[in-house]
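# Coordinate analysis (summary)
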Amino acid sequence: MSTAGRDLRVRFAPSPTGELHIGGARTALYNWLAARHADGAFLLRIEDTDAERSTPENVAQIIEALEWLGLDWDGDVVFQSESEAAHREAVRDLVERGLAYHDTSTADDVREWKEKEGADRGYRGTPSEDGEGAVRLRVDDQGEEVVRDLVRGEIRFPNRSLDDFVIARADGSPLYNLAVAVDDAAMEVDLVIRGDDHLSNTQKQQKVLEALGAKVPEYAHAPLIHGTDGKKLSKREGAASVQGLRDDGYLADAVVNYLALLGWGPEDDETVMDRQELIDRFRPEEIGKSSAVFDEKKLRWLNGRYMRAMTPEAYVEAVATFLDREPDQPLVDACAIAQEKAQTLGEVWPLIAFLFEPPVDDPKAWRKVMKGDAPTALEAAREALAGLGDFGPESVEKALEPLPERLGLSAGKVYQPVRVAITGTTVSPGIFESVAALGREETVSRIDDALGRIASREGEEA
RNA sequence: GCCGCUAUCGUCUAGGGGUUAGGACGCCGGAUUCUCAGUCCGGAAACCGGGGUUCGAAUCCCCGUAGCGGUACCA
């Protein structure tokens, strides 16, 4: 489908450095929301001019993360490296028109120059006679560059403090701020939504655009996302990448919802919003000004909301995919009793494993529960269940429910031993559902095993 | 150092000259006479500091302070 002539054209332009960081993911999401809201085009451009880190693997990581998040882009993926000819042409043009010049000075030269001229004074070079050296864009000493930002209003950068910055290396290869400006113009990008860390690049890119006589897009700089320590979110910290979130069992829908809220919120403070609501309500000018801290607790809560809201079919499919198992009947039955309990896909298996494997070994649970009247309760439960015809949850409940009163025990004293007997631990789905799902034979057998274990333990102690 | 951005509960945020400063997560307590989770109810919890302007400032202005970003012949 053609992306030309759409009302609003935005782009996500990551450099492929590995897994997609959640900051990048949010930037992608904001661009996507803005595009879909305006029925515009969401373009994807890979900034791969640095051959060092731009490996095919790293590019694939970005694509994979965007696909998982469901952020579909319009048209083909654009690789910045493929427009190098255009970048070089732009540099040549600027030099020819005297707006840029070759300069052989080194970083040390620049430092020296500033020591003489003042630290707040941008470097001004001397054009080399022979066309040798890197290419620098000429910057006026007077005036200022005004960036009109949708989030912050007008931001003023004094020209005096900006270097004649390098737009191409001595070998002629174009640099980032030149390439971005040229590409944004070529792709007819109208709105650039990106992280705060690009604010000082924006003044440079605007200068290139202006020198080239190209239209300057609108900008919206979103504040950076920080870790719990208030610093820049590091890869170390929990699941800082989209892939990490996925592997921890978070749902793409929940991640999208949560990320949208990190730095933006609708007027009425609504928290749970599906994609369509997000699209309907998102406006880039409503992005907040101050940086946000990634809070996994809130993501977990939100994820739980989405987990519980899924249809049973979707739930089974998600769990099966996550566990890399077949969505067969046993798994369907297991999911049915676990859906209300888990906050993430990663928490599902521990709740249902007892249906597929022997009970786990949890000494603490045994110590706490398998004492006192536990054998009495287990005997009674065994008896009530062993002869039961229909073994559905309702009839299991009917069989077990009179026991506490009959034995003169609290409900917990009866049910917890049964739970530990069949699962090995104290945490599981509802006891009646769990017993029913396990089946009569296996339940009775596990109760017998537990009884035997208690007996032999007491024998040892005596 | 220089240039820039930001500042409301622990966290995400609403509000924007006169409000009991609202909501959400988390936390604490209670209920749901099976654990955990969920759900419901209740609670504690915030306007960085100092000066202005004003009858009145969390809100507007200035100055500090703190945090963050940038400062490459990286992207």
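Residues numbered from 1 in each chain as written. Chains lettered and ligands numbered in written order. Predicted model: local features only at pLDDT ≥ 70, side-chain atom pairs only at ≥ 80, totals over all residues. Heavy atoms only, no water.

Turning next to the overall build of chain A. Counting its regular elements, chain A contains 20 helices and 12 strands. In terms of overall dimensions, chain A is more spread out than a globule: its C-alpha atoms have a radius of gyration of 31 Å, far above the 23 Å expected for 462 residues. Structurally, chain A occupies a C-alpha span of about 100 × 50 × 40 Å along its principal axes. Here chain A holds 462 residues, and the buried ones make up 48% of them. Long-range pairs, those at least 24 residues apart, make up 74% of the contacts in chain A between residues at least 6 apart in sequence. One finds the centroid of the 55 positive side-chain charges in chain A at a distance of 4 Å from the centroid of its 88 negative side-chain charges. (Helix = DSSP H or I, 4+ residues; strand = E, 2+ residues; numbered from the N terminus. Rg over C-alpha atoms; globule rule 2.2 N^0.38 Å. Buried < 20%, exposed > 50% of the residue type's maximum accessible area, 1.4 Å probe, protein only. Contact = heavy atoms within 4.5 Å. Lys, Arg positive; Asp, Glu negative; His and termini not counted. Charge placed at Lys NZ, Arg CZ, Asp CG, Glu CD.)

The next subject is the domain arrangement of chain A. Domain assignment breaks chain A into domain 1 (9-76 + 225-297), domain 2 (82-222), domain 3 (310-344) and domain 4 (363-461). Inter-centroid distance (C-alpha atoms) of domain 2 to domain 3 is 54 Å. (Domains from an automatic or database assignment.)

The biggest cluster of nonpolar side chains holds 68 residues, and the ones touching the most others in it are L33 and L66. If we skip the residues at most four places from it in the chain, L33 touches A260, L278, I279 and F282. (Core = buried A, V, L, I, M, F, W, Y, C linked by side-chain atoms within 4.5 Å.)

With that out of the way, let us pick up helix α11 (residues 312-323). When the terminal C-alpha atoms of α11 are compared, their 16 Å separation across 12 residues agrees well with the 16 Å that a helix rising 1.5 Å per residue should span. Taken residue by residue, α11 has Y315, V316, A318, V319 and A320 as its buried positions. Packed against the buried residues of α11 are α10 (296-309), α12 (329-338) and α13 (348-352). Among the residues trailing α11, D324 stands out with phi positive, at a value near 60°. (Expected span 1.5 Å × (residues − 1).)

Aromatic ring pairs are reported here in terms of the distance separating the ring centres and the angle at which the planes meet. Per the stated rule, a full pass over the model turns up six aromatic pairs. Here the aromatic residues Y30, W264 and F282 are joined through ring pairs into a cluster of three or more. We note R325 situated over the ring of F356; from NZ or CZ to the ring centre the distance is 4.6 Å. For R453, the ring lying beneath its charged end belongs to W366, and the centroid distance is 3.8 Å. (Phe/Tyr/Trp six-rings, centres within 6.5 Å; stacked < 30°, edge-to-face > 60°. Lys NZ or Arg CZ within 6 Å of the ring centre and 35° of its normal.)

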